[in-house]
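Chain by chain, the residues run as shown.
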Amino acid sequence: SDLLTHPCCMESEADAGERKGLRGVKPPPNGFFDVTFIGTGVSTGIPNLSHILNKNCKVCQDAHENATSRNRRNNVSILLRVAAAKGSERANILVDVGKTMRVANMNVLPRLDVVNINTVG
């Protein structure tokens, strides 16, 4: 095949974790926090529109043609879930939200039982 894999479309180690089921992941214990990768793609997300139109990238073609492709990736973004040292206070912080934030969060946040976002950074 003449299709290439653009360096920006290569899969990262975090992508495998992004695709794993998150249902039942417990919140962090008091005094701790956890990090969830919501997106691990590039700033444009994957598939990249120009790669699809030019038909020159096998990763983007796969992501475009296959709704369940592991190559579909959102903009880089993380969720920090922070638990207070004492008591029941918790904070949910989204970091680096981009163009795919809405779809990414609709897929991830309900699986983590997150019902509010306290801060966006």
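The notes below deal with the structure included here. Not measured: the values here are computed from a predicted model.

### Some points on the pattern of salt bridges
Oppositely charged side chains can form a pair if their charged atoms are brought close together.
Now for step 1: Under the criterion given, the structure shown has one salt bridge.
Now for step 2: Across the salt bridge formed by R81 and D34, the nearest N and O atoms sit 2.6 Å from each other. Residue R81 is found in strand β2 (residues 77-83), and its partner D34 is found in strand β1 (residues 33-39); the two are separated by 47 residues along the sequence. D34 matches R81 in its accessibility class, with the two residues each being buried.

### Quick word on helix α3 (residues 58-65)
Now for step 1: Looking at α3, one finds that the buried residues are V59, C60, Q61 and A63.
Now for step 2: Tucked inside the fold, the buried residues of α3 contact α2 (49-54).

### Here's the deal with the sheet that holds strand β3 (residues 90-95)
Now for step 1: In space, the four strands of this open sheet follow the order β1-β2-β3-β4, with mixed pairing throughout. Two strands in the sheet have a free side with no partner beyond their single neighbour: β1 and β4 (119-120).
Now for step 2: Each of β1 and β3 is contacted by helix α4 (residues 101-108), which is oriented at about 125° to β1, the strand it contacts most.

About the cut-offs
Residues numbered from 1 in each chain as written. Predicted model: local features only at pLDDT ≥ 70, side-chain atom pairs only at ≥ 80, totals over all residues. Heavy atoms only, no water. Salt bridge = Lys/Arg side-chain N within 4 Å of Asp/Glu carboxyl O. Helix = DSSP H or I, 4+ residues; strand = E, 2+ residues; numbered from the N terminus. Buried < 20%, exposed > 50% of the residue type's maximum accessible area, 1.4 Å probe, protein only. Contact = heavy atoms within 4.5 Å. Pairing = 2+ DSSP bridges. Axes fitted to C-alpha atoms, helices over the stretch in contact; angles between N-to-C directions.

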